[in-house]
Amino acid sequence: MARDFLRRALTRLVVVAGAGALAVGLTAPVAGARPVPEPGKDRHGVSRYFSGPEGFAIPTEPCDPAGPSATDGVLADQLNPQLNAKMAGYLDAYRMSCARMVTQAVKDRGLNEKAAAIALATIIVESSMNNYSQAVDYTSIGLFQQQDWWGTKEQRLDPVYATNAFLDAMESQYPGGSWNDEAIGEVCWHVQRPREDLRYLYGVQAGDAVTIANALWSGMSAGPGHPYGSGRVVSGRSADGRLEAFAAGADGVWHAWQTAVNGAWSPWRFEGGPRNAQLAVASNADGRLELFALSASTFDHMWQTGPSAGWSGWANFGGGGHRLAAGSNADGRIEVFASNTDGVFHRWQTAPSGGWANWEGTGGGPANARLAVENAPDGRLEVFALSDATFGHLYQTAVNGGWSVWEDFGGGGHDVAVSYNQDGRLEVFASNASGVFHRWQTNPTSWSAWTGTGGISNAELTSSRSVDGRVEVFAINSATASHAWQTGPNAAYSPWETFGGGGTEIGAGNNADGRIEVFGTSHAGVYHRWQTGFTTWAEWGWLNDSGPAID
């Protein structure tokens, strides 16, 4: 929005509260020595740097009017060992509450996790995440150290107002969402505009800002977490931002995980469990991942014993079946769906992160169907079930509520995937012998007709979303892998392009910085390919080592 104070804000000098020696970038920096502050003076010749993240004895205002929550303290304790720059060891419940308010303001505005990381990197540098109520440099106050042309004192001390003022300036500097294509530190610098020799400071904090933003984003209660895909290879993101991957071999389930946020992968570890299983992963309301494994003879599950922690042993979850999918209700309760020769059944948590109801039928559904689940814009779960002969659709009639009857959604096919547009409308993809087709919501209750996209025949499908909200879809069959993407948010799709050789299964996830990571399987093992930027890709390579063969 056009505001005179934005123009002035983009040319001012601001107080910068810390320094470091790690590289600028979107990925979390490698752990190393604590950054050492460097000397510097403000425009009045006074030292610009605080003595440490604890700062001078400067008065602060609460960020959350209700004060820090118990969860803020727990999350601060969990994140401190994961941080590598200025805030390492200095996060506490108060600073976490400030980060939470900033992140929630970004989310309420409809922006993504990268925008939250940009805002958090800024407040780490500017105020060490303290809502200072006394001017430190000229008239600078608050989390962002905004001077008096940004608003009244009361407004600048309101984290919601201050965050939105910062984002107004960011979107003015980077129209059309172009900040998505810029390094976090550069965006911060262009908005805050300190001296050129201080430009690097924001990039130093970028990795830790990504870690904090992801942990907060995952735990935000406003709306459900969107489901992960299911299949023979799946991935989910731990509360600390690291991706975890699972692949179902002939001998059981194998597991690998990122050893650092946005980073490299561990060797594969054998976890046992059902053989030749179909897999689904979901996040509990408290941040713990839960893995479900369905074979023809049994259904088992295991779960993280704490957010980002180790895993339990296997526990029985039901009898055998054909395919499965899992999603989360708007209140955070996981709901699991499974198909067999009698149709589609479901089981759900009776409380967030709690125990489970018994299995119940859904009133039919296609027999031996491939399943996909997604959340409607209002949080209601919607289920899509594709068999060789028919396609069925089931949906909650109210948020966290009961279910519709099955409705006809189309003819039979080979595989199904579902995603959501930036505006929340669902988009469904299905493959058959003629290629890949899609159907999308024209509004929250109506659907387009099926439309062909071309693509390869009888493909396994998965989808993900780029950092700017565009849906990307990936397909693989025994001969080739292909990739298509929206040319803009909520927009039409590109032509299909070759994405690699053939294989047996494909899955996708998002790194903490938003970059898509794709997993492919073959008779030789598990490969991955990842975005090196937001439009460029690395080549296929083993996921650390070959992992299990997937037939």
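Refer to the structure printed above.
Residues numbered from 1 in each chain as written. Predicted model: local features only at pLDDT ≥ 70, side-chain atom pairs only at ≥ 80, totals over all residues. Heavy atoms only, no water.

## Remarks on helix H2 (residues 70-79)
Think of an α-helix as 3.6 residues a turn; residues three or four steps apart then line up on the same face. Within H2 the residues assigned to the buried category are Asp72, Gly73, Leu75, Ala76 and Leu79. End-on view of H2: buried residues confined to an arc of 165°, all on one side of the axis. Relative to its buried face, H2 has exposed residues pointing more than 90 degrees away, namely Ala70, Thr71 and Asp77. (Buried < 20%, exposed > 50% of the residue type's maximum accessible area, 1.4 Å probe, protein only. Helix = DSSP H or I, 4+ residues; strand = E, 2+ residues; numbered from the N terminus. Arc of directions from axis to C-beta.)

## Overview of the packing of helix H3 (residues 93-108) against helix H6 (residues 159-173)
The description of two helices packed together rests on the angle between their axes and the distance between the axes. H6 packs onto H3 with a crossing angle of 55° between their chain directions and a minimal axis gap of 9 Å. Classified by the angle between their axes, H3 and H6 sit oblique to one another. Pair H3 / H6 crosses with right-handed handedness. When H3 is examined against H6, the residues Met101, Val102, Ala105 and Val106 are found in contact with a partner set consisting of Pro159, Val160, Thr163, Asn164 and Leu167. Looking at the contact of H3 with H6 residue by residue, the classes come out as 7 nonpolar, 2 polar and no charged. (Axes fitted to C-alpha atoms, helices over the stretch in contact; angles between N-to-C directions. Parallel < 35°, antiparallel > 145°, perpendicular 65-115°, else oblique. Left-handed = near helix turned anticlockwise from the far one by under 90°. Contact = heavy atoms within 4.5 Å. Nonpolar A, V, L, I, M, F, W, Y, C, P; charged D, E, K, R; others polar.)

## Remarks on the packing of aromatic side chains
All told, the structure shown has 23 aromatic pairs when counted by the stated rule. Ring centres of Phe317 and Trp356 lie 4.9 Å apart, and the angle between their planes is 90°; on these two criteria the pair is classed as edge-to-face. Highlighted residues: Phe317 in strand S8 (residues 315-319) and Trp356 in the loop between strand S11 (343-348) and strand S12 (360-361), separated in sequence by 39 residues. With relative accessibility at 19%, the residue Trp356 sits in the buried group. (Phe/Tyr/Trp six-rings, centres within 6.5 Å; stacked < 30°, edge-to-face > 60°.)

## What about the pairing of strand S1 (residues 233-237)?
The buried fraction of S1 is high, at 5 of 5 residues. The pairing of S1 with strand S2 (residues 243-249) spans 5 bridges and is antiparallel. Residue pairing across strands places Val234 opposite Phe246, the latter belonging to S2. Between S1 and S2, which follow one another and run antiparallel, lie 5 residues, and Gly241 among them has a positive phi close to 100°. (Pairing = 2+ DSSP bridges.)

## What about the environment of Trp150?
Mapped onto the secondary structure, Trp150 falls in the loop between helix H4 (113-127) and helix H5 (153-156). On the accessibility criterion, Trp150 (0% relative accessible area) is buried. With 11 residues separating them in the primary sequence, Trp150 and Tyr161 have C-alpha atoms 9.8 Å apart.

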